[in-house]
Amino acid sequence: MQGPQVYASSLNPGESVPLIWLPDVVFEPISYIGDTAPAAAEQIVRRPLLPAPRTRFLRDFSTTSLVSPLFPVPHRHPQHSHTRTLNSLITSLQHHKFPQSLISPRAFRRTIMSFGTSAAARLAGKTVLITGASSGIGRATAFEFANASGGDIKLILTARREAALVSIKEEIEKAYPKSKVFPIALDVSKLSTIDAFVDNLPAEAKDIDVLVNNAGMVHGVDQVGTIAQSDIDIMFQTNVFGLIALTQKLLPLFKEKGKGDILNIGSIAGREPYPGGAIYCATKAAVKSFTETLRKELIATRIRVIEVDPGQVETEFSVVRFRGDKGKADAVYKGVEPLIAEDIAEVIVFAVSRRENVVIADTLVFPSHQASALIMHRKL
Ligand SMILES: NC(=O)c1ccc[n+]([C@@H]2O[C@H](COP(=O)([O-])OP(=O)(O)OC[C@H]3O[C@@H](n4cnc5c(N)ncnc54)[C@H](OP(=O)(O)O)[C@@H]3O)[C@@H](O)[C@H]2O)c1
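All of these numbers come straight from a predicted model, not from anything done at the bench.

**Some remarks on the environment of Y176**
Piece 1. Its place among the elements puts Y176 in the loop between α5 (162-175) and β6 (180-185).
Piece 2. On the neighbour-count criterion, Y176 (21 C-beta atoms within 10 Å) is buried.
Piece 3. Sequence separation between Y176 and A146 is 30 residues, and the spatial gap between their C-alpha atoms is 7.1 Å.
Piece 4. Contact partners of Y176, with chain neighbours within four places excluded, come to A146 and G151.

Right, here's the structure in full:
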């Protein structure tokens, strides 16, 4: 076995996160090393597997990721931030079915409360239901809610991959012992299961305050005339019908309480359709119309209806689009620096943690190289 290598030198001075690579060693995420916890940092670097590296531990940032050699640690491209480098690594680990519990995107996140004490107080004690929480934006949003609330939150996490949800629960509850996470399998495209899912929620999770309708997917880049009916069905069932069904099911509860937040994840695709995306774009345009109608219908209530429209975000989204072909998915991000899931999670939690009278009705979030669905500046 080779000795451990410290992969810190390629990170940006002043904002770096040390990434320590231990060949042949499965890593254990370590949640905090920072200037307020020097003793903990020392303890970690003194462990037998980590002989005192010359790693700098920098202010306000966590932490250390230890990564198996099966997955090459990417060298940071000069135009890529360290966050992107780490994010591609994590996407790669997830793609290779590296156990979710051993992957810690949170490892490079700030551990201070994200939006300060006012936001934490506004989120305190809330129950948040997130669909599509097993990966990407939904997963990051779960961590962001836990972080921003200082753990004073209940999270109902749903998706089809229950094992992934369970690992997220374990990780969040370990980091935030006050939090309570309910991982519950739900396929939003199976509309007949939605009523029972809500009706059978554990008693302590029934009083939902925030619904994040995030589950969504795209299949293929086929043009009209060649699109498989099964792809049309699954995209509409998941992105539109599932979102509508869950919203309709929870709306009476929100109306009874006179408040609540419904946050729908749309897309630039819903504003600007592009060739090869007819169905996906149509689903996201439907989400936009539905969301705007709902906001108008609920004008006399304190129910906030929020839409967040991401531009390009590197998640499992493109891997799903190309049916598991990681090479094709990676090509989408060649020469550009896409957003990471955490960027959108921050916007979601920011919107929800505003004062009750503030509705962040609509946002469109691009990475800096993107100016429309198809206008991207690529450095190849
Ligand atoms: N990434 C982008 O560039 C981008 C841009 C604009 C908008 N968006 C939107 O952002 C949202 C999240 O996508 P992402 O980028 O985070 O992609 P992702 O990593 O592929 O995550 C999608 C999530 O949706 C879940 N999901 C898919 N089908 C489902 C179903 N039938 N029932 C329940 N859950 C289901 C997946 O979980 P399971 O597989 O475990 O069910 C997964 O947790 C989607 O609505 C997407 O359209 C993404």
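**Points about the nonpolar core**
Piece 1. The biggest cluster of nonpolar side chains holds 66 residues, and the ones touching the most others in it are A142, F145, L155, L157, L263, I344 and I348.
Piece 2. Element by element, the count of residues in this core is highest for helix α12 (residues 341-352), at 8 residues.
Piece 3. Setting aside chain neighbours within four positions, we find F145 in contact with L123, V128, I153, L155 and V349.

**Examining the site of the ligand**
Piece 1. As a structural note, the neighbourhood of the ligand is formed by 30 residues, with G132, G136, R160, R161 and G216 the closest of them.
Piece 2. When contributions to the shell around the ligand are tallied by element, the ones reaching two or more residues are α4 (136-148) and α10 (317-321).
Piece 3. The greatest single-element share of the shell around the ligand, amounting to 3 residues, is contributed by α4.
Piece 4. Of the residues that constitute the shell around the ligand, the class distribution is 13 nonpolar, 13 polar and 4 charged.

**Points about the confidence of the model for the chain**
Piece 1. The predicted model of the chain averages 79 in pLDDT, with 70% of residues at 70 or higher.
Piece 2. Below a pLDDT of 50 lies the segment residues 1-78, which in the model reaches 128 contacts outside its immediate sequence neighbourhood of four places, other chains included.
Piece 3. Low confidence marks residues 98-111, where pLDDT is under 50. Its contacts with residues over four positions away, or in another chain, come to 39 contacts.

**Points about the sheet that holds strand β7 (residues 210-213)**
Piece 1. Ordered in space as β6-β5-β4-β7-β8-β9-β12, the 7 strands form an open sheet in which the pairing is parallel. Of all the strands in the sheet, just β6 and β12 (362-365) have a single pairing partner and so form its edges. Within this sheet the neighbouring strands show an average axis-to-axis angle of 15°, counted without direction.
Piece 2. Summarising the sheet, strand β8 (residues 259-265) and strand β9 (residues 302-310) pair through 7 bridges and their orientation is parallel. The residue of β9 that forms the bridge with D261 is R304.
Piece 3. Strand contacts of α4: β4 (126-131), β5 (153-159), β7 and β8, with the helix running at about 170° to β5, the strand carrying the most contacts.

**Brief notes about the pairing of β9**
Piece 1. Taking burial as the measure, the 9 residues of β9 include 8 buried ones, the bulk of the element.
Piece 2. Pairing geometry for β9 and β12, over 4 bridges, is parallel. In the strand pairing of β12, P310 is matched with V365.

**What about the packing of helix α7 (residues 229-257) against helix α9 (residues 278-297)?**
Piece 1. It is at 9 Å that the axes of α7 and α9 come closest, and there the two elements cross at 15°. Here α7 lies roughly parallel to α9, going by the angle between them. When the axes of α7 and α9 are compared, the crossing they make is right-handed. Where α7 abuts α9, its residues D231, I232, M235, F236, N239, V240, L243 and I244 lie against I279, Y280, T283, K284, A286, V287 and F290.
Piece 2. Grouping the constituent residues of the contact of α7 with α9 by class yields 11 nonpolar, 2 polar and 2 charged.

**Side note on α4**
Piece 1. The first and last C-alpha atoms of α4 sit 18 Å apart over 13 residues, in line with the 18 Å expected at 1.5 Å per residue.
Piece 2. For α4, a buried count of 13 out of 13 residues is recorded, marking the element as mostly surrounded by other parts of the structure.
Piece 3. Among the residues trailing α4, G150 stands out with phi positive, at a value near 65°.

**Comments concerning the pairing of β7**
Piece 1. In β7, alternate side chains face the same way, and those of V210 and V212 on one face and L211 and N213 on the other are all buried.
Piece 2. By the bridge criterion, 3 bridges tie β4 to β7 in an arrangement that is parallel. Across the sheet, V128 pairs through a bridge with V210, a residue of β7.
Piece 3. In this sheet, β8 lies alongside β7 in parallel orientation, the contact comprising 4 bridges. Bridging from a neighbouring strand, N213 pairs with N264 of β8.
Piece 4. For the crossover that starts at β7, traverses α7 and ends in the parallel β8, the hand is right-handed.

**As for the environment of V319**
Piece 1. Mapping V319 onto the fold places it in helix α10.
Piece 2. When the C-alpha positions of V319 and V332 are compared, they lie 9.9 Å apart, and in sequence the two are 13 residues distant.

Cut-offs used in this document
Residues numbered from 1 in each chain as written. Predicted model: local features only at pLDDT ≥ 70, side-chain atom pairs only at ≥ 80, totals over all residues. Helix = DSSP H or I, 4+ residues; strand = E, 2+ residues; numbered from the N terminus. Buried ≥ 20, exposed ≤ 12 C-beta atoms within 10 Å, placed from the backbone. Contact = placed C-beta atoms within 7 Å. Core = buried A, V, L, I, M, F, W, Y, C linked by C-beta atoms within 7 Å. Near = placed C-beta within 6 Å. Nonpolar A, V, L, I, M, F, W, Y, C, P; charged D, E, K, R; others polar. pLDDT = per-residue confidence, 0-100. Pairing = 2+ DSSP bridges. Axes fitted to C-alpha atoms, helices over the stretch in contact; angles between N-to-C directions. Parallel < 35°, antiparallel > 145°, perpendicular 65-115°, else oblique. Left-handed = near helix turned anticlockwise from the far one by under 90°. Expected span 1.5 Å × (residues − 1). Right-handed = clockwise from strand over helix to strand, strands pointing away.

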